[in-house]
Amino acid sequence: MGLTPSEKAILIAIGANDGISRKELAKTTGLSQGSITLLTKSLLNNMYIVEGDRISSGLGRKEVLLHTHPDKFYFLGIDIGGYRVRMAVSDNRLTILHAAEFLVADVDKDASKEDFIAAFANDFIAGIGWRTASIAAIGVGVTGIVDAGKQIILSIPNALNWGQLDLPQAFRDSFQCPVYVEEGGRTLLLAEKFLGKANDEDDYIVVHSAFSVVAGMMISGQILRGARNVGGLLGHITADPNGLRCTCGNYGCLENIVTYPMLERDYLLREARYPTLVEAYRQNDKTAIDVCIEAGQAFGIALSNVVNLFNPVAIYMGGPMFDDFPILFEEMKRTITLRANRFATMGLKMERSSHGHHQALYGTLILAKHELLFND
Ligand SMILES: [Zn+2]
């Protein structure tokens, strides 16, 4: 995009604090008032930002608030989970304008997965009356292993036959924009950093659990990637050496204990008096409560190890399990406090993440925007 580092800093600050005065912007970015005046003028002329309301600064002077220009760019975000694929288009403020989804299981097992996703995206864009040319960049998050250099999805442990997907190649025919692929846990991190509660945090973790366990770790301001881009694969650490075989090939993965289907399975294998765990839990069924407490403990033990290893300031957690089974969430927090080192848990925030089941989707939209504008 040819933006200077100062312009990028200003756009990032305005993106994170929608409606910010020039004076506040100078404070946030560390740039002088003079530079801010000059640079915001250029960004206004080039339609990156717009002026909004005037507010009083207290001494009679009125300050104009600056906002991201909503229509400068539009982005497509695609969140590929092990169970569901979500898609959304947003404006330049990352407000989701339209969304669609399909189930991984609904894709023919012999079909080319990348062609299916590209065709679905094409139909989605046409269905809302847009042209693919209006999309400036595409961000893809995937609950799996990604080759960072080649941008190829190497494996999605929860979805059989979903490996070696070259999405940038598949999108090339119908979309003329860049496609950026990132592991799903890291899109969760981006959403919390740029559109959530972690704006000022350099050490935090985001964990989501539904049909899989996905985690992203920000360590000293850097996203944890590891040598082969596999760092942070929390769902597939061993939590029970005698556990079931996981789709990844290992046995007793955390994901085999604390995901929705596994809790349900665990409940039904015991003396189940209700057809589903959710219903049993609502009726205060003891077996259901036991299942949730045990899962909370397993999750808490895994996370207490993470807390001791990385000493984060916060853990943000999301997923429908925590909505449906509050006791699981409470037991997990209690176990972390109990098991992790007390100096590491001092002041540790354990909260819900900001965007519920749209967290990863927002992350993919941020990925698209930030890679396009700020990482050139
Ligand atoms: Zn596994």
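These numbers were taken from a predicted model, which means no experiment stands behind them.

Novice: Which residues make up the environment of Thr337, and what values do they have?
Specialist: Within the secondary structure, Thr337 is located in helix H12 (residues 326–339). A relative accessible area of 46% means that Thr337 is categorised as partly exposed. As for Thr337 and Met350, which are separated by 13 residues in sequence, their C-alpha atoms are 9.9 Å apart. Aside from chain neighbours lying at most four places away, what touches Thr337 is Thr345 and Met350. Polar contacts involving the side chain of Thr337 include one to the main-chain carbonyl oxygen of Lys333, which spans 2.9 Å.

Novice: Tell me what's going on with the domain arrangement of the protein chain, and back it up with residues and numbers.
Specialist: The domain boundaries assigned to the protein chain delineate domain 1 (5–68), domain 2 (74–187 + 359–374) and domain 3 (200–353). A straight line from the C-alpha centre of domain 2 to that of domain 3 covers 26 Å. With 13 residues of domain 2 at the interface, the matching set in domain 3 holds 19 residues. Carbon and sulfur atoms supply 55% of the area that domain 2 and domain 3 bury against each other, a total of about 1400 Å² over both sides. Joining domain 2 to domain 3, the criterion identifies one salt bridge.

Novice: For the sheet that holds strand S6 (residues 96–103), give the residues involved together with the corresponding values.
Specialist: Across the sheet, which stays open at both edges, the five strands sit in the order S6-S5-S4-S7-S10 with mixed pairing between neighbours. Because the sheet does not close on itself, it has two edges, and the strands there are S6 and strand S10 (179–183). Adjacent strand axes in the sheet meet at a mean angle of 15°, parallel and antiparallel pairs treated alike. Two strands pair when backbone bridges link them, and strand S7 (residues 135–142) and S10 are joined in this way by five bridges, in the parallel orientation.

Novice: Tell me about the coordination of the zinc ion, and name the residues and values.
Specialist: Note on the zinc ion: its protein donors are His236 (ND1), Cys246 (SG), Cys248 (SG) and Cys253 (SG). The metal-donor distances range over 1.9 to 2.3 Å. Viewed at the metal, the four donor atoms of the zinc ion are separated by angles of 105 to 119°, and the geometry they form is tetrahedral. The sequence pattern formed by the donor residues of the zinc ion is H-x9-C-x1-C-x4-C. Taking relative accessible area as the criterion, Cys246 reaches 5% and is therefore assigned buried.

Novice: Outline the pattern of salt bridges, listing residues and values.
Specialist: On inspection of all chains with the given rule, the structure shows 18 salt bridges. The salt bridge partner of Arg22 is Glu51, with a shortest N-O separation of 2.9 Å. Of the two residues, Arg22 is situated in helix H2 (residues 22–29) and Glu51 in strand S2 (residues 49–56); the sequence distance between them amounts to 29 residues. With a relative accessible area of 19%, Arg22 lands in the buried category.

Novice: Describe in detail the nonpolar core, supporting the description with residues and values.
Specialist: The biggest cluster of nonpolar side chains holds 39 residues, and the ones touching the most others in it are Val207, Phe299, Leu303, Met317, Phe325 and Ile336. Breaking this core down by element, the ones donating at least two residues are strand S11 (204–209), strand S12 (213–219), helix H8 (260–269), helix H9 (277–282), helix H10 (286–310), strand S14 (314–318), helix H11 (320–324) and H12. When residues in this core are grouped by element, the largest group, 11 residues, is from H10. Core analysis: the second largest hydrophobic core is formed by 32 residues, Leu76, Ile138, Ile153 and Leu167 among them.

Novice: How would you summarise the packing of aromatic side chains if you had to cite specific residues and measurements?
Specialist: This structure, assessed with the given rule, holds 13 aromatic pairs. Consider the rings of Tyr83 and Phe211, whose centres lie 3.9 Å apart with planes at 5°: the pair is stacked. Of this pair, Tyr83 sits in the loop between strand S4 (74–80) and strand S5 (84–90) while Phe211 is found in the loop between S11 and S12, placing the two residues 128 residues apart along the sequence. Residue Tyr83 is classed as partly exposed on the basis of its relative accessible area of 33%. Members of the aromatic cluster, each reached through a chain of ring pairs, are Tyr83, Phe211, Tyr260, Tyr281 and Phe325. A cation over a ring is seen here: Lys72 above Tyr48, with NZ or CZ 4.4 Å from the ring centre.

Novice: I'd like a description of H8, backed by residues and values.
Specialist: Because each turn of an α-helix spans 3.6 residues, side chains separated by three or four positions end up pointing in the same direction. For H8, every residue scored as buried is listed here: Tyr260, Leu263, Glu264 and Tyr267. Taken end-on, H8 shows its buried residues confined to a sector of 100°, consistent with a single buried face. Here the buried face of H8 lies against helix H7 (255–258), H9, H10, H11 and H12.

What counts as what
- Residues numbered from 1 in each chain as written.
- Predicted model: local features only at pLDDT ≥ 70, side-chain atom pairs only at ≥ 80, totals over all residues.
- Heavy atoms only, no water.
- Helix = DSSP H or I, 4+ residues; strand = E, 2+ residues; numbered from the N terminus.
- Buried < 20%, exposed > 50% of the residue type's maximum accessible area, 1.4 Å probe, protein only.
- Contact = heavy atoms within 4.5 Å.
- Polar contact = N/O pair within 3.5 Å; in protein donor to acceptor, adjacent residues only side chain to side chain.
- Domains from an automatic or database assignment.
- Buried area = accessible area lost by both parts, 1.4 Å probe.
- Salt bridge = Lys/Arg side-chain N within 4 Å of Asp/Glu carboxyl O.
- Pairing = 2+ DSSP bridges.
- Axes fitted to C-alpha atoms, helices over the stretch in contact; angles between N-to-C directions.
- Donors = N, O, S within 2.8 Å, 3.2 Å for Na, K, Ca; no water.
- Tetrahedral: all angles 85-135°; square planar, octahedral: opposite > 155°, others 65-115°.
- Core = buried A, V, L, I, M, F, W, Y, C linked by side-chain atoms within 4.5 Å.
- Phe/Tyr/Trp six-rings, centres within 6.5 Å; stacked < 30°, edge-to-face > 60°.
- Lys NZ or Arg CZ within 6 Å of the ring centre and 35° of its normal.
- Arc of directions from axis to C-beta.

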